[in-house]
Amino acid sequence: MRGAPAVPRIATAAFVALLVAVPLIAPPFWVTLGNYIGLYSIVALGLVLLTGVAGQTSFGQAAFVGLGAYTSAWVTTQAPVSPWLALPMALALTAVVALALGFITLRMKGHYLPLATIAWGIALYLTFGNLDWLGGHTGIGGIPPLSIGGFSLRNERHYYALIWVVALATLWASRNLLDSRPGRALRAMKGGLEMAEAFGVNGARLKIVAFVYAALLACLSGWLYAHLQRFVNPTPFGINQGIEYLFMAVIGGAASVWGAVVGAALITILKEVLQDVLPSLLGRSGNFEIVVFGVLMIVLLQFARDGVWPWLARLAPARRARAVPAAAPLPSRAADPSRDVAILTVHRARKTFGGLVAVDDLSFEIRTGEILGLIGPNGAGKSTTFGLISGALRLSGGDIAFRGQSLQSLTPYEIARLGIGRTFQHVRLLPHMSVLDNVALGAYLRGSAGVLRAALRLDRAEEARTRAVAARAIERAGLAAHTFDEARSLPLGTQRIVEVARALAADPVLLLLDEPAAGLRFLEKKALADLLRGLRSEGMTILLVEHDMEFVMGLTDRLVVMDFGEKLAEGRPDDVRQDPAVLEAYLGGV
Amino acid sequence: MDLSIAALLAQDGITNGAIYALLALAIVLVFTVTRVIWIPSGEFLSYGTLTLAGLQLGKAPGTVGLLVALAIVAGLVETASSWRQGALARLPRRLLFWVGVPLLIALVLARAAPLQWPFPVQVLLTLAAVTAMGPLQYRIVYQPLADASVLVLLIVSVAVHFVLTGLGLWFFGAEGSRTPAFSDASLQAGAVVFSAQSLFVVLASLLLIGVLYLLFGATLYGKALRATAINRIGARLVGISPSFAGTLTFALAALLCAFSGVLIGPITTVYYDSGFLISLKGFVGAIIGGLVSYPLAAAGAILVGLLESFSSFWASAFKEVIVFTLIIPVLLWRSLATRHHEEDE
């Protein structure tokens, strides 16, 4: 959902009408096909969130489908238990397995997860086939049908209705989820993890949440499948099916929830056609449709990596929000009334990279209500110092404390929680999201809506207030005209200001700015300086790492000058300007 | 379990492990130079066994058709890209390499099959034919995606695995093949019997590992590949062509896989789709080495072989389950051992 425009209501209505029409007018063959498309859509939808949005690839979803199917099959054939009671059992078991697997594998770099999913996908499949009490390779038969309030679902048409009600409900919930506080954070996981963590997102936890969500959807699909077929065996839960689920999501367009449905429909129908056509064409029967799927994937990834959905979406006129609904902003942190008290203390900080000492016994403090400038020639260690304070880098020695609390062992998201906001030297915006969404991500810690609240759309009041916060920060930064623009459409200088607005949305006590004026034009610099002065007058404390002398001299209260990792001078801008050591470092001696 | 059974299982495990080690090396080689997680390595192993088996039976193996098909596609891809770059003058030479050479090998293979040449010549022909498919695969699939992320390359690799499995069924048929043992001799050492076949597999693997070590440590081409592995842009700046490095890497890796196919032929029946599971065992080994270390990958692969053979004794139905579940503690260990800084794209 990389800022994908919302689907027009009429298109959604047409789709639902088509769904309703199929069982009424189409032959049974299409109803069966529709059932499979619905079941596969539910699984692919999980992959849209996990892979397309959060950037974590899984080839093992078929195993979770199997877990759902087998749990319900076993429970309902062992004892006269209602399938509706078996469903929570299946979901619980899947959640436990997914949590365990996710906890282990999601800590690894991107490409280990998919490899691990292949391995446990095969392991779970072989387990189903080798356990005698699960029927071995023959499977389990005689699974009771579902019934709803005494009405027993007896034929494909009945299941068609149920499957698509469930599929549409999961679509609705997933779309809601993406358009919410956790959804914004989830969308940042792909390519923006470090940035999101700087605004309080616990990336590791969120990835596991996405993983469990996808596993639960797969389990739900498996449960439906078991009671539709009333028979399960290991075959449909093997690794090839797991790979096909991923192909569905990627071919359909893994960035949008609708891509799941499009992909599931395309692959299912194509497979049906190919299994009809290929054997007569080739004069041999075999699993030849996988060649076509494979070639399709290779060509698609070479030429149209975003899948089919973006092409379809372009056909319909986009529906775009054009106004931020009025709402009271989220509550702000109580302003810190103290002035001129040390808020951040850097004490003999030291950072080495191998033999290189980037920061060498550096000590200084930032005092409340001031703008402190950290300057120095190239390679002086400014950015390293910035990284140490923001938690992106670990100290080799010494200590950095915020309001007396050491930041040493804290992760970036814990540091964000203390009220420290930051910008990035290399702009870290989510390029396909609107400016409003990007800035709203800054307010992550000020909201509390979780996955469940978001999926059920119970978060709208808070969401409106979050948007109000974001809109206000954008307005303050002077970017109101760009509120709904895609971030990537803005010039680099403006993107830097968006970074500042995002940091403001976090309502920080201490604002860390990493070269915010780089690439700005004269008037933009002036506007930025005015903004920072305004923030200072409201009691915000600001650390400014900057190259631009003129900008720094006119704005800061005090300066710390670094050279070769050490502190060269500290004091008021006018004094520092006269300091012979500083002149020597900058001008090579006079 | 007594000592002689344990020795037998260990011998089995080490023999299989040596084959997995070759695959693990190929996987690490491809990953470090091109960032491709080479899932379809297993298909090259199957193709190796099946090609040799075809030659043994005196009939043209499916490899002939595969080579012709790949050469035609590569020719089309090459023509299209030369056309787009406006470099048609270079096209004949490129076509000679991408189409001429594979077709020549296919021709020799087709003609040689009924002649029943001596076994070592058949092995060499097999290696040549399967090795030629490595660079073709790189040219057709991976070179156009050289700048894609590791994840995209991985998904593509899985797609290639699908394609090669399907093509394998088409060109080689559904029947499995076994090739005769290189030697039926055996060595008695106390209560333990070593088969000459196992010794040969282990020695051959060790030899290949040694050759690779020398190649990478001491030759200019090896250094060029290492340079590409460490820094693609930097290597490019000093005049190493990434596509040349990719071509060379895929040729080497395909050779390793083809050779393991030749080695595994007498040990187990190989079907068109057997390679996948075997290559995944190589992957478990490679992951133990973090996908970058050759010695750790080889050691990991031997460990996988041993684990597999001992678990087939205790719980034969679950031996694959045990091997693939092993990846979880391995990943846990690696995740605790490395503090990674991630930005996946």
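Residues numbered from 1 in each chain as written. Chains lettered and ligands numbered in written order. Predicted model: local features only at pLDDT ≥ 70, side-chain atom pairs only at ≥ 80, totals over all residues.

A. Summary view of the overall build of chain B. What chain B contains, in helices and strands, is 14 helices and 2 strands. Within the span of chain B, comprising 345 residues, buried residues form 47% of the whole. Expressed as a percentage of contacts within chain B between residues at least 6 apart in sequence, the contacts between residues at least 24 apart total 76%. (Helix = DSSP H or I, 4+ residues; strand = E, 2+ residues; numbered from the N terminus. Buried ≥ 20, exposed ≤ 12 C-beta atoms within 10 Å, placed from the backbone. Contact = placed C-beta atoms within 7 Å.)

B. Structural view of the overall build of chain A. Counting secondary structure elements, chain A contains 23 helices and 14 strands. Judged by the C-alpha coordinates and their principal axes, chain A covers about 90 × 50 × 50 Å. Within chain A, residue pairs in contact and separated by at least 24 positions form 76% of the contacts whose partners lie at least 6 positions apart.

C. Main features of the domain arrangement of chain A. All names here are of chain A. Here the domain parsing of chain A yields domain 1 (9-19 + 34-315), domain 2 (338-419 + 508-590) and domain 3 (431-507). In this structure, domain 1 and domain 3 have C-alpha centres spaced 31 Å apart. Domain 1 puts 17 residues into the contact, and the matching count from domain 3 is 19 residues. Elements with a contribution of two residues or more to the side of domain 1 that touches domain 3: helix 6 (156-178), helix 7 (181-188) and helix 9 (203-229). Ranked by residues supplied to the side of domain 1 that touches domain 3, first place goes to helix 7 with 7 residues. (Domains from an automatic or database assignment.)

D. Region of the structure containing helix 10 (residues 239-252) of chain A. All names here are of chain A. Between its terminal C-alpha atoms helix 10 stretches 20 Å, which fits the 20 Å expected from 14 residues at 1.5 Å a residue. Counted residue by residue, helix 10 has 14 buried out of 14 residues, so it is predominantly covered. Following helix 10 by one or two positions, glycine 253 adopts a phi angle in the positive range, close to 125°. (Expected span 1.5 Å × (residues − 1).)

E. Here's a closer look at unusual backbone geometry. Residue and element names in this part refer to chain A. For arginine 348, which is not glycine, the phi torsion reads 45° and is therefore positive. The backbone of arginine 457 shows a phi angle near 60°, a positive value even though the residue is not glycine. Position of arginine 457 relative to the elements: it lies in the loop between helix 17 (451-455) and helix 18 (460-476).

F. Quick peek at the nonpolar core. Counting 295 residues, the largest nonpolar core has Ala44(A), Ala501(A), Ala24(B), Leu25(B) and Ala26(B) as the members making the most contacts within it. The leading source of residues in this core is helix 9 of chain A, at 19 residues. Each residue touching Ala501(A), except ones within four places of it in the same chain, is listed here: Val439(A), Ala473(A), Ile474(A), Ala477(A) and Leu479(A). (Core = buried A, V, L, I, M, F, W, Y, C linked by C-beta atoms within 7 Å.)

G. Up close: helix 11 (residues 257-282) of chain A. Residues and elements named next belong to chain A. Under the 1.5 Å per step criterion, the end-to-end length of helix 11 is 36 Å for 26 residues, consistent within 8% with the ideal 38 Å. Remark: the principal bend of helix 11, roughly 30°, maps to leucine 274. Every buried residue belonging to helix 11 is among Val257, Trp258, Gly259, Ala260, Val261, Val262, Gly263, Ala264, Ala265, Ile267 and Thr268, and all of these are buried. Against the buried residues of helix 11 lie helix 2 (28-53), helix 6, helix 10, helix 12 (289-303) and helix 13 (309-315). Once helix 11 finishes, glycine 283 follows within two positions and takes phi at roughly 75°, a positive value. (Bend = angle between axes of the 7 residues up to and from the residue.)

H. Structural detail: the interface of chain A and chain B. Taken residue by residue, the interface counts 42 residues in chain A and 40 residues in chain B. When contributions to the side of chain A that touches chain B are tallied by element, the ones reaching two or more residues are helix 4 (83-105), helix 5 (112-130), helix 8 (193-198), helix 10 and helix 12 of chain A. When residues in the side of chain A that touches chain B are grouped by element, the largest group, 12 residues, is from helix 5 of chain A. Grouping the constituent residues of the side of chain A that touches chain B by class yields 25 nonpolar, 12 polar and 5 charged. (Nonpolar A, V, L, I, M, F, W, Y, C, P; charged D, E, K, R; others polar.)

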